[in-house]
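Residue-level structure breakdown
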Amino acid sequence: MQHLDNDVRELSVAEHQLIEDGHTHLDQFLRELRETCCEFYSLEGCQGCDRGKVASCQGRLNSFEHVFLDFVIEHFKNEEKIMSKIFSNQDTNECFRLHQQEHDKLLREMQSLMHKLSTESDRGHTAVAIREFHYRVTELFGKHARMFDDPFIRQLKGGKK
Ligand SMILES: [Fe+2]
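Residues numbered from 1 in each chain as written. Predicted model: local features only at pLDDT ≥ 70, side-chain atom pairs only at ≥ 80, totals over all residues. Heavy atoms only, no water.

1. Things to note about the packing of aromatic side chains
- In the structure shown here, the tally under the stated rule is ten aromatic pairs.
- Both rings, one in Phe-68 and one in Phe-141, keep their centres 5.8 Å apart while their planes meet at 75°; by these two values the pair is edge-to-face. Pair noted here: Phe-68 is in helix α2 (residues 51-86) and Phe-141 is in helix α4 (residues 126-156), with a separation of 73 residues, a long-range link. (Phe/Tyr/Trp six-rings, centres within 6.5 Å; stacked < 30°, edge-to-face > 60°. Helix = DSSP H or I, 4+ residues; strand = E, 2+ residues; numbered from the N terminus.)

Laid out in structure tokens, this is it:
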């Protein structure tokens with residue numbers, strides 16, 4: 001394993017794979033969420049669906065949110081464990097500190113979003129809540145990947161593709 005400077009080493013194939021698997025899993029979550037709602041691509045609400053279907057969508061959104069949050073916590077934990085092994089001087093490493101802070105911020109945003117959307121869904125606006133959850137997760141996690149994960153991976157792959 002090559003060392004890039006005194007405090008930092010390259011990302012191993014297994015570590016890189018673990019991070020990429022997390023990102024693939026995130027895309028699968030979003031696809032499942034889109035497929036839950038019959039009106040996902042329209043601007044319609046839940047008026048076209050019967051009460052049974054709306055109740056089932058409400059249940060799916062609720063359980064989806066909790067499973068998704070558990071997944072995100074685990075994914076961030078894995079990334080941080082990898083970072084802490086790579087940056088041997090992690091306490092003073094600015095990249096590590098900022099990345100970790102961003103994970104904490106994202107988790108807080110997800111929790112408050114889930115709270116808001118559960119209320120919206122309970123009021124019968126489940127299609128709207130599903131679309132908003134999908135939109136915000138895509139936006140927040142896409143931005144996080146571009147600003148933190150991708151540069152981190154590029155920096156530590158030692159120029160390998
Ligand atoms: Fe990250």
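2. Details of the coordination of the iron ion
- Only Glu-79 (OE), His-99 (NE2), His-103 (NE2), His-144 (NE2) and Asp-149 (OD) from the protein coordinate the iron ion, and they sit 2.1 to 2.2 Å from it.
- Read in sequence order, the donor residues for the iron ion give the motif E-x19-H-x3-H-x40-H-x4-D. Here His-99 is found in helix α3 (residues 94-122), whereas its partner His-144 is found in helix α4, with 45 residues between them in sequence. We note that His-99, like His-144, is buried. (Donors = N, O, S within 2.8 Å, 3.2 Å for Na, K, Ca; no water. Buried < 20%, exposed > 50% of the residue type's maximum accessible area, 1.4 Å probe, protein only.)

3. Brief notes about the layout of surface pockets
- Roughly 180 Å³ of volume is contained in the largest pocket.
- For the largest pocket, the lining is made up of 14 residues, of which Leu-26, Asp-27, Phe-141, Gly-142 and Ala-145 are closest to its centre.
- Among the elements of the structure, α1 (13-36), α2 and α4 are those that each provide at least two residues to the lining of the largest pocket.
- Per element, the largest residue contribution to the lining of the largest pocket is seven residues, and it comes from α4.
- Tallied by class, residues from the lining of the largest pocket come to six nonpolar, six polar and two charged. (1 Å grid on protein atoms, 1.4 Å probe; cavity = no way out; pocket = protein on both sides within 12 Å on 5 of 7 lines; lining within 4 Å. Points joined across faces, edges and corners; volume = space filled by probe spheres on them. Nonpolar A, V, L, I, M, F, W, Y, C, P; charged D, E, K, R; others polar.)

4. Describing the pattern of salt bridges
- Evaluated as defined, the whole model comprises five salt bridges.
- A salt bridge links Lys-77 to Glu-74, with the shortest nitrogen-to-oxygen separation between them at 3.9 Å. With a gap of three residues between them, Lys-77 and Glu-74 both fall in helix α2, about one helical turn apart.
- The exposure class assigned to Glu-74 is partly exposed, which follows from its relative accessible area of 41%.
- A salt bridge links Glu-109 to Arg-136, with the shortest nitrogen-to-oxygen separation between them at 3.7 Å. Of the two residues, Glu-109 sits in helix α3 while Arg-136 sits in helix α4, which places them 27 residues apart along the sequence.
- On the accessibility criterion, Arg-136 (26% relative accessible area) is partly exposed.
- Ionic contacts of the salt-bridge type, sharing partners, join the residues Glu-109, Arg-136 and Glu-139 into one network. (Salt bridge = Lys/Arg side-chain N within 4 Å of Asp/Glu carboxyl O.)

5. Comments concerning the nonpolar core
- If you look at the biggest cluster of nonpolar residues, it comprises 28 residues, and the most contacted ones within it are Phe-68, Val-72, Met-110, Phe-133, Val-137 and Phe-141.
- Breaking this core down by element, the ones donating at least two residues are α1, α2, α3 and α4.
- By residue number, the principal contributor to this core is α2, which donates eight residues.
- For Val-137, the residues in contact, after removing those within four places along its chain, are Leu-26, Leu-30, Phe-68, Met-110 and Gly-142.
- Counting residues in each nonpolar core, the second largest holds ten residues, with Met-83, Ile-86, Phe-87 and Leu-156 among its members. (Core = buried A, V, L, I, M, F, W, Y, C linked by side-chain atoms within 4.5 Å. Contact = heavy atoms within 4.5 Å.)

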